[in-house]
Amino acid sequence: MNTAQIHQRFLLSSGAFTDTRNIKENGIYFALRGINFNGNNFAREAIEKGARYAVVDEEIYATNPEHFIVVKDVLKALQDLAAFHRKYLNLTIIAITGSNGKTTTKELTNKVLSKKYRTVATNGNLNNHIGVPLTLLSMDEETEIGIVEMGANHFKEIARLAQIAMPDYGYITNFGKAHLEGFGNIEGVIQAKSELYDHLKKNMRLIFLNADDPVQREHFNYKHTFSFGTAEDSRVQFTYSGNQSYASVNFNDTDFKSKITGKHNAINIAAAVCMGLYFKVPFNEIKNAIEEYSPANNRSQITKKGSNTIFMDAYNANPTSMHAAISNFQELETTEPKIVILGDMLEVGSSADTEHQVIVNQLENDDFTECYLVGEHFNRTQTNRSTIIKFKSVEKLKEHLQETKFDNCHILIKGSRKLALENLLEAI
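Definitions and limits used
- Residues numbered from 1 in each chain as written.
- Predicted model: local features only at pLDDT ≥ 70, side-chain atom pairs only at ≥ 80, totals over all residues.
- Heavy atoms only, no water.
- 1 Å grid on protein atoms, 1.4 Å probe; cavity = no way out; pocket = protein on both sides within 12 Å on 5 of 7 lines; lining within 4 Å.
- Points joined across faces, edges and corners; volume = space filled by probe spheres on them.
- Helix = DSSP H or I, 4+ residues; strand = E, 2+ residues; numbered from the N terminus.
- Nonpolar A, V, L, I, M, F, W, Y, C, P; charged D, E, K, R; others polar.
- UniProt positions renumbered as here; feature names shortened; annotations may be inferred.
- Buried < 20%, exposed > 50% of the residue type's maximum accessible area, 1.4 Å probe, protein only.
- Polar contact = N/O pair within 3.5 Å; in protein donor to acceptor, adjacent residues only side chain to side chain.
- Contact = heavy atoms within 4.5 Å.
- Axes fitted to C-alpha atoms, helices over the stretch in contact; angles between N-to-C directions.
- Parallel < 35°, antiparallel > 145°, perpendicular 65-115°, else oblique.
- Arc of directions from axis to C-beta.
- Core = buried A, V, L, I, M, F, W, Y, C linked by side-chain atoms within 4.5 Å.

## As for empty space enclosed by the protein
Part 1: In total, this model carries 1 cavity of 30 Å³ or more according to the counting rule given.
Part 2: When its volume is computed, the largest cavity comes out at roughly 70 Å³.
Part 3: Along the walls of the largest cavity sit Thr261, Gly262, His264, Asn265, Ser300, Phe311, Asp313, Ala325, Asn328, Phe329 and Leu412, which together make up its complete lining.
Part 4: Among the elements that line the lining of the largest cavity, the one with the most residues is helix α12 (residues 319-331), at 3 residues.
Part 5: For the lining of the largest cavity, the residue count by class is 4 nonpolar, 6 polar and 1 charged.

In structure tokens:
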């Protein structure tokens, strides 16, 4: 069965899904394979639970064409279907990638554009070779703008995602030290993330450009750009506020205040405002959208725990985002004690020990009341500061926090997702 025929069946279904634990009644199940599982083994279960069809790549199912669609490769079939569906809908697609801030930027952009358009955006961070196709397949004829987040940890992945989504517009948040295991170094990061701009330029599509980023300015001469930043030659010129708990930007003598911690997030706000202006969302609606947005999933959130103020940024961490979070926390104007809790930065590759030592050196030069470090990498770092205390496991750190009394403190919590540092909240 070819892609067009599968698409006809898809249109009669309630949508695509890949996990029988999240069954879609009357949906199409794609039996993907993984390192430790074979989705084909759950195909009959999917039908029994209410799926209309199951797309499989094992010939044993060919005898029942009423419910089973047999293809050579289920993943390729899913991606081809998504690309076909995107062409079929002929809607506007904005692609967002980058080392840091892409999910926040995507959420802010969706909040802004939804004030005027019917939008569909990537759910959470489902931004890979499976998540992007599922995002596209969640769009329908009522969708006016799709906002697709793209993630990658190896070369050519962004290029492949761009082939599937065929974006009309694109934005790269930044180029930071993320996924160095796959990219090797910062030059590799730039090359990999720039695959989005390469695709847009090849197809004469528009790039939203941060004019303050020297790497991105290399694309400034491309005629299809809409830029923003503090630079005078920006199409949309902002000023950024510093030393505040919440990120904000100023444009046209108007403050766009947010509920997001960290002045580094001001650029993410500016990008969303820029796209809102380009798509002619009413000015006041853009402002309302920024002020209404509340971060979730432990991303740049400020919460209260008793008398303490918690700056929770424990969704993920890499050297660039860690440095930015610490710097922002250091600059925060308060007379209350500042406590820093940091977990290992994962996927940093061979430079892991060096990058963790750089963070410790940064802490030594700041005046935080106490710093708690947890993880194998941080435990291999060197320091003579008695206020920098290391723990081998999150459980050991949690035990220490339960025995420590914090009153009227500002506490930064940041680390890679695998450590689940948000679980420390109950001990504070």
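## Details of the UniProt feature "binding site: ATP" (unreviewed entry) in the chain
Part 1: Within this structure's numbering, the places UniProt gives as "binding site: ATP" (unreviewed entry) are Gly98, Ser99, Asn100, Gly101, Lys102, Thr103 and Thr104.
Part 2: As for its placement among the helices and strands, lysine 102 is situated in helix α4 (residues 102-113).
Part 3: By relative accessible area, lysine 102 is classed as buried at 12%.
Part 4: Here the side chain of lysine 102 touches glycine 98 through a polar contact of 2.9 Å, landing on its backbone oxygen.
Part 5: Along the polypeptide, threonine 103 turns up in helix α4.
Part 6: Other than its neighbours up to four places away in sequence, threonine 103 contacts Gly124, Asn125, Glu149 and Arg299.

## Re the environment of threonine 173
Part 1: Along the chain, the position of threonine 173 falls in the loop between β8 (169-172) and α7 (180-183).
Part 2: Threonine 173 gets classed as buried once you look at its relative accessible area, which sits at 3%.
Part 3: Placed 79 residues apart in sequence, threonine 173 and isoleucine 94 show a C-alpha to C-alpha distance of 13 Å.
Part 4: Discounting residues that sit within four places of it in the chain, threonine 173 has contacts with Ile96, Thr97, Gly98, Ser99, Asn100, Gly101, Lys102, Thr105 and Gln216.

## A short note on the packing of helix α3 (residues 74-89) against helix α6 (residues 157-165)
Axis angle and axis distance: for two packed helices, these are the angle between their axes and the distance between the axes, and together they describe the pair.
Part 1: The N-to-C vectors of α3 and α6 enclose an angle of 45 degrees; their axes lie 7 Å apart at closest approach. For the element pair α3 / α6, the angle class is oblique. Across from Gln79, Asp80, Ala82, Ala83 and Arg86 in α3, the residues of α6 making contact are Arg160, Ile164 and Ala165.
Part 2: Its residues assigned to classes, the contact of α3 with α6 shows 4 nonpolar, 1 polar and 3 charged.

## A short note on helix α11 (residues 283-292)
Part 1: Along α11, the residues classified as buried are Ile286, Ala289 and Ile290. Axial view of α11: buried residues confined to an arc of 95 degrees, hence all on one face.
Part 2: Buried positions along α11 lie against α4, β14 (254-261) and α10 (266-278).

## Notes on the nonpolar core
Part 1: One finds Leu136 and Phe208 to be the most contacted residues of the largest nonpolar core, which totals 78 residues.
Part 2: Examining the composition of this core, we find that 8 residues originate from one element, α10, more than from any other.
Part 3: Among all residues touching phenylalanine 208, those that are not within four sequence positions of it are Tyr169, Gly170, Tyr171, Tyr197, Gln216, Phe226, Cys274, Met275, Tyr278 and Phe279.
Part 4: Counting residues in each nonpolar core, the second largest holds 22 residues, with Ile326, Val340, Val348 and Cys371 among its members.

## Section: the UniProt feature "domain: Mur ligase N-terminal catalytic" (unreviewed entry) in the chain
Part 1: What UniProt calls "domain: Mur ligase N-terminal catalytic" (unreviewed entry) maps, in this numbering, to residues 18-85.
Part 2: In residues 18-85, the share of helix is 26% and the share of strand is 15%. The end C-alpha atoms are 17 Å apart.

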